[in-house]
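# Structure at a glance
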Amino acid sequence: PVDINNVQGDILAGIPKKFEATLFFNIDDNVTAFRKNLTKVIPFITTTTQAQGIRASILKHKQEAAARGAQADLVPVVGVTLAFSQFGLKKIGINDHIGDSLFENGQLADAQALNDKGTIKDNKFTPDWLPVFKNGIHGVFVIASDSQSSIEAKITEIKSKLGTTIHEVFRVNGNVRPKEEAGHEHFGFLDGISNPAVIDFDTHPLPGQGNPISPGFILLGRQDDPNRTSRPSWAVEGSIMAFRYLSQLVPEFNTFLKKNPIQIGEMTPEQGSEFLGARLMGRWKSGAPLDLAPLKDDPELAADRQRNNNFDYSFPEDIQTQDRCPFAAHVRKTNPRNDLGNRVERNRIIRRGIPFGPEVTPTEAQQGKTTHDRGLLFRCYQSVLGNGFHFIQQSWANNEGFPFGKPADQTPGFDPIIGQAPDPNSRVRVVGGTNPQNATANLSLPTDWVVSKGGEYFFAPSISALKTTFAT
Ligand code: N7H
């Protein structure tokens, strides 16, 4: 079974957060000093048991506040996650193959296969990424808390322990959006509803979480890890983190919705625009799934954890129609549920992203044009990138034919949210099935609304590996 005192807390449990700093660092040449100092930082790293404890105390705090009729704030806590890229492992002198070639080659080498935008010169592809992600980052700290000041204090503490053995190369702050937008990403949709339940850990899965998946699809070296035999012993109970810096063009997205409403029955143009947005996502902004609420938002359903994820696209009987939810809708593309006979365990990932950047300004909204960078600091965990993040992006979201086996006159098209077309310069994507009354009609999307500015693949070691293999 999984040792939850050994697995980092961000992976299976998640660390509650209002603010989160993602701090990328390089290790300096005195590696021996770094490994020695690292010993003093390991006590800061949050374990799964601790993350669960934080959740429990927040729940208790909320219940107590509710009993008093008061509003509960987050309990003051800080959670820390630490992970290393292949460059970092090499720098430290850990040269074993971890059993994941995409990780070992790094995300930059994967950018073209992911269809990130870029330029090709002399047969060489260079993505349009922030320079920092092209320079070989060694490691990342993710620091989550209820307040920015607690985060700053923790960073100071970490840095004081590590001294000059690392230097920060880039930091980006994420935060939960204000007031009623809390929990919603920048396009306005509630996020963080659906994650897989993991055997040995999630003892009470929610309806619709799907068959609980074997821990080895998330944790290296555990039950059903497809590459179990090729893992070095120190990699066991670690997980591979895919990080992506994804900018979102919110005013442009909204302008498109405004210009292309899908009005059914009595819908006003505004409702038609909401409806198109929901068709592209597969959920209403509230989080209510189209598969259960096909024509009208249902905020009560959205708020009910027993129901808001309990669907698999086979309603009423026929998985072959997109009357309720387009085949290409973001949530259907990235977790096709019964489109693949509910047999997608190995392709599930655990998502832990957070929005970054300011709210849309009135000027941006009015002009329909982004001038302030904002988006999602996407982070997900899996044991094999070629089944998880990389596979979902390349073989599902970017693949017009997926899900396969649908009626011949209804090509699903690209995932309208994250799908990327192969041509790095011209990006007209076609998506099918957006109009429930005309299943064969296609819609051309003028632009990408989610733009990759880079990222890296990291390995989040177990606590025991940090102690014995990484630190000395
Ligand atoms: Fe996606 N969004 O807010 O628009 N995502 N996502 N995602 N996503 C989901 O069901 C979003 C991205 C998955 O189990 C929801 O929890 C945005 C990448 C998966 O039914 C919303 C970006 C990848 C699921 C968003 C983005 C995925 C999922 C519904 C980028 C993987 C679960 C909330 C800026 C390659 C599907 C929920 C399921 C859900 C949004 C990126 C994957 C609202 C804005 C890169 C597996």
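Residues numbered from 1 in each chain as written. Predicted model: local features only at pLDDT ≥ 70, side-chain atom pairs only at ≥ 80, totals over all residues. Heavy atoms only, no water.

## A short note on the pattern of salt bridges
Evaluated as defined, the whole model comprises 23 salt bridges. Of the charged contacts, one joins lysine 406 and aspartate 339 as a salt bridge, the two residues approaching to 2.7 Å between their closest N and O atoms. Of this pair, lysine 406 sits in the loop between α12 (389-397) and β11 (429-432) while aspartate 339 sits in the loop between α10 (330-334) and β8 (350-351), and the two are 67 residues apart along the sequence. For the pair lysine 406 and aspartate 339, a shared accessibility class is recorded, and that class is buried. In this structure, the salt-bridge partner of aspartate 373 is lysine 453, at a minimum N-O distance of 3.6 Å. Remark: lysine 453 occurs in strand β13 (residues 450-460) and aspartate 373 occurs in the loop between α11 (362-367) and β10 (375-382); sequence separation between them is 80 residues. Here lysine 453 falls in the partly exposed class, since its relative accessible area comes to 23%. (Salt bridge = Lys/Arg side-chain N within 4 Å of Asp/Glu carboxyl O. Helix = DSSP H or I, 4+ residues; strand = E, 2+ residues; numbered from the N terminus. Buried < 20%, exposed > 50% of the residue type's maximum accessible area, 1.4 Å probe, protein only.)

## Regarding the environment of glutamate 400
Note that glutamate 400 resides in the loop between α12 and β11. You can call glutamate 400 partly exposed: its relative accessible area is 36%. Linking glutamate 400 and arginine 305, residues 95 residues apart in sequence, is a C-alpha distance of 32 Å. Beyond its immediate chain neighbours, meaning those up to four positions away, glutamate 400 contacts Lys333, Thr411, Pro412, Gly413 and Phe414. (Contact = heavy atoms within 4.5 Å.)

## Observations regarding the coordination of the iron atom of the ligand
The sole protein-derived ligand of the iron atom of the ligand is His330 (NE2), positioned 2.1 Å away. As for its placement among the helices and strands, histidine 330 is situated in helix α10. (Donors = N, O, S within 2.8 Å, 3.2 Å for Na, K, Ca; no water.)

## Let's talk about unusual backbone geometry
Geometrically, the link from phenylalanine 402 to proline 403 is a cis peptide bond, its omega value of 0° lying close to zero. As for its position among the elements, proline 403 is in the loop between α12 and β11. Phi angles above zero are rare outside glycine, and aspartate 122 is one such case at about 50°. If you trace the backbone, aspartate 122 turns up in the loop between β3 (118-121) and β4 (124-127). Although it is not a glycine, tyrosine 313 sits at a positive phi angle of roughly 70°. Topologically, tyrosine 313 is positioned in the loop between α9 (299-303) and α10. Given the relative accessible area of 2%, tyrosine 313 is considered buried.

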